[in-house]
Amino acid sequence: MTQAYSTLEQPFDTEEPVFDHPWQAQAFSLIVHLHRSGLFAWPEWVKVFSDVIKSAPPQPGESDNDTYYRQWIVAMEQMVASLGLVGEEDIAQRAHEWRQAYLNTPHGQPILLANASCAPAHDHHHTPTRAPVAVSPASSC
Amino acid sequence: MAHDHNHTAPPNEIELRVKALESLLTEKGLIDPDAMNELIDTYEHRVGPRNGAKVVAKAWTDPAYKARLLADGTQAIAELGYSGVQGEDMVVVENTPDVHNVTVCTLCSCYPWPTLGLPPSWYKAAPYRSRVVIDPRGVLEEFGLTIAESKEIRVWDSSAELRYLVLPERPEGTDGWSEEQLVDLVTRDSMIGTGLPLQPTAK
């Protein structure tokens, strides 16, 4: 019996949360939204998604939902690329920028994409140092 | 790392990629943030197996509705107001004293969202998807559901084109029960086929 099957031993009608993480809900709704906008027919999505499921099987240590949404994201990126909406490099680039934005944003402040290139004003003021912080000694000759 | 307190820890890569795609599509005008929030709320809170339970309870109490449901599931379910993505083509299969039905999606996780909500994680997982077609009786045993050897088990493969909903048998001892009372006996798994409705004594 695989680890993924262990859920079968639990009561089956207990209310489980639909999504484990907000990003799963985002990714799920994104595809449903694009479909409802008429950008693709549902069977087209199912074809892409089921191909990914076949080619990217569960990995050790992953929960069922981890596997499912890892596959969902891969398929989602393929879908938007094949529709010519957003390419993979654009996603990678933007993900990098978001990462920078997090790193540049003081804890507790909203994460804005603009913070990727320019850290917002914050109270981490430098203590005035009335002396050089670095010195490159003059050479004697 | 003197500056630890002055940044926000970035989430993991997969979350960043979702955020990236969402922001790119929003900038292109392809995503409406309000519509996104509405969808999330719908699937988190407003669709779920209770919709399907109402369909089943109505079929148990209204023979004309049951006939319509078995003849054209999509239409009969839409009568109750349940339609939408992954509910476009519904086929309802009826359990009888001779036949037990169970549904699966062998390719991915096609599932009737408007009537059952989003699927449980085991429904989406490879073990269920692959094994229920090979050994349905054995897999149902693992759910604690023993189907008599004398009963045929039919496994239905939901797909992008159509999804199945099981109409379980009405529990005995519920004569004279109202539709509202019966709804509470209909479990999600009884409509997937991996379980049975609750018995009236269990209430």
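Residues numbered from 1 in each chain as written. Chains lettered and ligands numbered in written order. Predicted model: local features only at pLDDT ≥ 70, side-chain atom pairs only at ≥ 80, totals over all residues. Heavy atoms only, no water.

- The name an unreviewed UniProt entry gives chain B is nitrile hydratase, with Marinobacterium lacunae as the organism.

Description of the environment of Arg170(B)
All names here are of chain B.
Reasoning step 1: Assignment of secondary structure puts Arg 170 in the loop between strand E4 (163-167) and helix H10 (179-183).
Reasoning step 2: Sequence-wise, Arg 170 and Ala 59 are 111 residues apart; in three dimensions their C-alpha atoms are separated by 9.5 Å.
Reasoning step 3: Among the polar contacts listed, one links the side chain of Arg 170 to the backbone oxygen of Trp 60, at a separation of 3.1 Å.
Reasoning step 4: In terms of polar contacts, Arg 170 uses its side chain to reach the backbone carbonyl oxygen of Thr 174, at 2.6 Å. (Helix = DSSP H or I, 4+ residues; strand = E, 2+ residues; numbered from the N terminus. Polar contact = N/O pair within 3.5 Å; in protein donor to acceptor, adjacent residues only side chain to side chain.)

Some details on the interface of chain A and chain B
Reasoning step 1: Contact residues are listed per partner, giving 62 residues for chain A and 60 residues for chain B.
Reasoning step 2: Seen at the junction of chain A and chain B, the total is 2 salt bridges.
Reasoning step 3: Two residues, Glu27(B) and Arg94(A), come together in a salt bridge whose shortest N-O distance is 2.8 Å.
Reasoning step 4: Where chain A touches chain B, the interface holds 11 residue pairs in polar contact (both at pLDDT 80 or more).
Reasoning step 5: When residues of the side of chain A that touches chain B are traced back to their parent elements, those giving at least two are helix H1 (22-36), helix H2 (42-55), helix H3 (64-82) and helix H4 (88-104) of chain A.
Reasoning step 6: Take the side of chain A that touches chain B: its biggest share by element is 12 residues, from H1(A).
Reasoning step 7: Split by residue class, the side of chain A that touches chain B holds 37 nonpolar, 14 polar and 11 charged. (Contact = heavy atoms within 4.5 Å. Salt bridge = Lys/Arg side-chain N within 4 Å of Asp/Glu carboxyl O. Nonpolar A, V, L, I, M, F, W, Y, C, P; charged D, E, K, R; others polar.)

Section: the packing of aromatic side chains
Reasoning step 1: For the coordinates displayed, the defined rule picks out 22 aromatic pairs over all chains.
Reasoning step 2: Each ring, one from Phe28(A) and one from Tyr43(B), has its centre 4.9 Å from the other, and the planes form 75°; the classification is edge-to-face. Placement of Phe28(A) in helix H1 and of Tyr43(B) in helix H2 (residues 33-46) is noted, with the two residues assigned to different chains. Exposure class is identical for Phe28(A) and Tyr43(B). Each is buried.
Reasoning step 3: In textbook terms, an aromatic cluster arises when at least three aromatic residues are bridged by ring pairs, as seen for Phe19(A), Trp23(A), Phe28(A), Trp42(A), Trp45(A), Phe49(A), Tyr68(A), Tyr69(A), Trp72(A), Tyr43(B) and Trp113(B). (Phe/Tyr/Trp six-rings, centres within 6.5 Å; stacked < 30°, edge-to-face > 60°. Buried < 20%, exposed > 50% of the residue type's maximum accessible area, 1.4 Å probe, protein only.)

Quick word on unusual backbone geometry
Most peptide bonds take the trans form, and the phi angle of most residues other than glycine is negative.
Residue and element names in this part refer to chain B.
Reasoning step 1: Here Gln 86, not a glycine, exhibits a phi torsion of approximately 65°, which is positive.
Reasoning step 2: Take Gln 86: it is sitting in the loop between helix H5 (73-79) and strand E1 (90-94).
Reasoning step 3: Classification of Gln 86 by relative accessible area gives buried; the value is 3%.

Description of the pattern of salt bridges
Reasoning step 1: With the rule as written, the count across this model stands at 18 salt bridges over all chains.
Reasoning step 2: For Glu62(A), the salt bridge goes to Arg70(A), with nearest N and O atoms at 2.5 Å. Taken individually, Glu62(A) and Arg70(A) each receive the classification buried, so the pair is uniform in this respect.
Reasoning step 3: For Lys151(B), the salt bridge is made with Glu169(B), and the minimal N-O distance between the two is 3.2 Å. With Lys151(B) in the loop between helix H9 (136-142) and strand E3 (152-157) and Glu169(B) in the loop between E4 and H10, this pair connects stretches of sequence that are 18 residues apart.
Reasoning step 4: Several salt bridges converge on common partners, so that one network encompasses Lys47(A), Asp51(A) and Lys54(A).

Digging into the packing of H1(A) against H3(A)
Residue and element names in this part refer to chain A.
Reasoning step 1: Contact pair H1 / H3: the axes reach a minimum separation of 10 Å and the direction vectors enclose 40°. Between H1 and H3, the interaxial angle falls into the category oblique. Between H1 and H3 lies a crossing of left-handed hand. Between H1, through Trp 23, Gln 24, Ala 27, Phe 28, Leu 30, Ile 31 and Leu 34, and H3, the contact on the second element is made entirely by Asn 65, Tyr 69, Trp 72, Ile 73, Met 76 and Val 80.
Reasoning step 2: Residues of the contact of H1 with H3, tallied by class, amount to 11 nonpolar, 2 polar and no charged. (Axes fitted to C-alpha atoms, helices over the stretch in contact; angles between N-to-C directions. Parallel < 35°, antiparallel > 145°, perpendicular 65-115°, else oblique. Left-handed = near helix turned anticlockwise from the far one by under 90°.)

Examining the UniProt feature "binding site: Fe(3+)" (unreviewed entry) in chain B
Reasoning step 1: Sequence positions flagged by UniProt for "binding site: Fe(3+)" (unreviewed entry) are, in local numbering, Cys105(B), Cys108(B), Ser109(B) and Cys110(B).
Reasoning step 2: Mapped onto the fold, Cys108(B) is located in the loop between strand E2 (99-104) and helix H6 (113-116).
Reasoning step 3: Look at Cys108(B) and you get buried, because its relative accessible area is 3%.
Reasoning step 4: With residues near it in sequence (within four places) discarded, Cys108(B) still touches Val46(A), Phe49(A), Ser50(A), Ile53(A), Tyr123(B) and Arg129(B). (UniProt positions renumbered as here; feature names shortened; annotations may be inferred.)

Considerations on the packing of H2(A) against H3(A)
Residues and elements named next belong to chain A.
Reasoning step 1: Contact geometry for H2 and H3: axes closest at 9 Å, N-to-C directions at 125°. Taken as axis vectors, H2 and H3 run oblique relative to one another. Crossing of H2 over H3 shows right-handed handedness. Here H2 contributes Glu 44, Trp 45, Val 48, Phe 49, Val 52 and Ile 53 to the contact with H3, which in turn contributes Tyr 68, Gln 71, Trp 72, Val 74, Ala 75, Met 76, Gln 78 and Met 79.
Reasoning step 2: Across the contact of H2 with H3, the residue classes tally to 11 nonpolar, 2 polar and 1 charged.

Details of the nonpolar core
Reasoning step 1: Counting 88 residues, the largest nonpolar core has Trp45(A), Trp72(A), Met76(A) and Tyr128(B) as its most contacted members.
Reasoning step 2: Summarising the domain contributions, this core has at least three residues from each of domain 1 (11-45) and domain 2 (48-202) of chain B. (Core = buried A, V, L, I, M, F, W, Y, C linked by side-chain atoms within 4.5 Å. Domains from an automatic or database assignment.)

A look at the pairing of E2(B)
All names here are of chain B.
Reasoning step 1: Among the 6 residues in E2, 6 count as buried, and that is most of the element.
Reasoning step 2: Where E2 meets E3, 6 bridges bridge the pair, whose relative direction is parallel. The residue of E3 that forms the bridge with Val 104 is Asp 157. (Pairing = 2+ DSSP bridges.)

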